[in-house]
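Fold and contact review
In case you want the letters, here they are:
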Amino acid sequence: MTLSVKDILSQKPIGTTIELKGWVRTFRSNRFIAISDGSTIKTVQAVIDFENVAEETLKKISTGAAIQVKGDLLSSLGKGQDVEIQVTEITVLGESNPEEYPLQPKKHSLEFLREIAHLRMRTNTFGAIMRVRHSLAFAVHHYFNSKQFFYLHTPIITGSDAEGAGEMFNVSILDKKNPPLKDDGSIDYSKDFFEKETNLTVSGQLEAELGAMALSKVYTFGPTFRAENSNTSRHLAEFWMIEPEVAFADLNDNMDLAEDFLKYVIRYTLEHCADDLEFLEKRLLDEEKSKPEKDRSPQALREKLQFVADNNFRRVSYTEAIDILRNSKPNKKKKFKYLIEEWGADLQSEHEKFLVQHFNAPVILFDYPATIKAFYMRLNEDEKTVRAMDILFPGIGEIVGGSQREERHDVLLGKMNDFDIDQKELQWYLDTRKFGTCVHSGFGLGFERLVLFATGMGNIRDVIPFPRTPGNAEF
Ligand code: 4AD
Ligand code: MG
């Protein structure tokens, strides 16, 4: 019977003969092999009788090697494990040269591991992160499916640059050295593959809205791309975004949905990733020991996740937030890099972090000035603010951005003119406002920011298998 490490440790079929394939984590005293197969953070101990193992096989058993063992599962007398495999047959499937293998059984820095991202998933830390990431993704689909949302696949290559969410990556097969030119000297994209200029999408929202106008409740969950040169611990050039879009829902419904959804996926992960979260929590405590007391998180990882799952998010209008910020200590003492002087200012991450600390809870900010938000957001009666919402999380800042959408054809047209957006380019988007328009809302959750929060990691490059950032597209 071939079992995974997870099966062995949960079923504990003591007395049966089992087979296990995995990689050697450690090999001690020519006798004890800790085998990992990634199914769980734990390893299974295999005990060999070295007198009965051929000398050349023994030599090949080293950290990183792929092996197959067969033997009886017994209760273990040793410390640290309940069961162990008494090996009767061992095969080295793939050797690993111990002199060259970069992952030694010791602590490696996250920076070093980023350079060997092709191997880092074999470490406890990255194995745990990837399993938590999977669990969160699974919970996302589970949540929406149970609420009668349909998973809509929106295009990755887009012909419009209307969203304005960020700089785009161009998609072209034209000859770079000698592109066809128009009379005015600019590149003639009508000669390109799609016969127009195309880019990688920054968001699936505009197409998701089309889906919501037919299926009522949809969500996207796909890769999005932004070519901003923002080399921060919160930005990737390629990241995954979850974007629900709901017909007949206003901004309050949107906030309710976002809050319920976030609590659900966090709770799901607390329930299903107990071992990994326990490990990540210890890792974080260790890491924080080297920080000054004031920079340490007041809650342990699982406590922080439970807190978010159990408590109401604070809903605060932009206007209220500006008052709080303007009168705050760091603003008065000029500690903020960007001082808040008047209503209309865009909020920076330092302000978002302050607000989360001030309320000691996740914060939903709503009703932002129209001038600092996208054209498609529903204009309020005051004609100054729009029905936007951003959700701010402890230690992360903005994790969700969304809004009620402008459903009135004439108002939307006016906004597009103000923002200098070509009507022809978005004729299909405007059409939904002509044929059965209705109140509707949605939001975008940056998946990696959620994984950052759930794992307690500090850098977004460490929560995606192969990060894409300015100057880095390795692997
Ligand atoms: O606030 P954003 O730009 O909103 C939109 O794109 C809307 N179209 C969403 C919608 O209403 N359907 O991005 C949404 C979220 C942000 O709150 C953030 O969590 C994440 O996407 N995000 C990034 N994550 C990683 N790297 C980047 N460069 C990101 N830019 C945005
Ligand atoms: Mg945003």
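Here's what I pulled together on the structure shown here. (Residues numbered from 1 in each chain as written. Chains lettered and ligands numbered in written order. Predicted model: local features only at pLDDT ≥ 70, side-chain atom pairs only at ≥ 80, totals over all residues. Heavy atoms only, no water.)

1. Focus: the pattern of salt bridges
- Following the criterion strictly, the structure yields 24 salt bridges and no others.
- Ionic pairing is found between Arg-405 and Glu-245, a salt bridge with its closest N-O pair at 2.9 Å. Of this pair, Arg-405 sits in the loop between β15 (397-404) and α12 (409-418) while Glu-245 sits in strand β11 (residues 238-247), placing them 160 residues apart in sequence. The burial state of Arg-405 is the same as that of Glu-245; both residues are buried.
- For Arg-315, the salt bridge identified is with Asp-256, shortest N-O distance 2.9 Å. Here the residue Arg-315 occupies a position in strand β12 (residues 314-317), and Asp-256 occupies one in helix α6 (residues 251-272), the gap between them amounting to 59 residues. (Salt bridge = Lys/Arg side-chain N within 4 Å of Asp/Glu carboxyl O. Helix = DSSP H or I, 4+ residues; strand = E, 2+ residues; numbered from the N terminus. Buried < 20%, exposed > 50% of the residue type's maximum accessible area, 1.4 Å probe, protein only.)

2. Re the pairing of β15
- The element β15 is extensively covered by neighbouring structure, given that six of its eight residues are classed as buried.
- Examined bridge by bridge, strand β14 (residues 385-393) and β15 share six bridges and lie antiparallel to one another. Paired with Phe-393 across the bridge in β15 is Gly-397.
- What sits between the antiparallel neighbours β14 and β15 is a turn of three residues, in which Gly-395 has the positive phi angle 75 degrees.
- Judged from the five bridges that link them, β15 and strand β16 (residues 440-446) form a sheet pairing that is antiparallel. Each bridged residue has a counterpart across the sheet, and for Ser-403 the counterpart in β16 is Gly-442. (Pairing = 2+ DSSP bridges.)

3. Regarding the environment of His-108
- Its location among the elements puts His-108 in the loop between β5 (83-94) and α3 (110-115).
- Each C-alpha atom, one on His-108 and one on Arg-120, is 9.8 Å from the other, the two residues being 12 residues apart in sequence.
- Look past the residues within four positions of His-108 in its chain and what remains in contact with it is Pro-102, Leu-103 and Leu-113. (Contact = heavy atoms within 4.5 Å.)

4. Let's talk about helix α11 (residues 349-359)
- Taken together, the buried positions of α11 are occupied by His-351, Glu-352, Phe-354, Leu-355, Val-356 and Phe-359.
- Buried residues along α11 sit against β12, α9 (318-326), α10 (329-332), β13 (363-369), β14 and β15.
- Of the residues one or two after α11, Asn-360 is the one with positive phi, at around 50 degrees.

5. Regarding the side chain of Glu-209
- Looking at where Glu-209 falls in the secondary structure, it is placed in helix α5 (residues 205-215).
- Leaving out residues up to four positions away in the same chain, Glu-209 has contacts with Glu-245, Arg-405, Tyr-429, Arg-433 and His-440.

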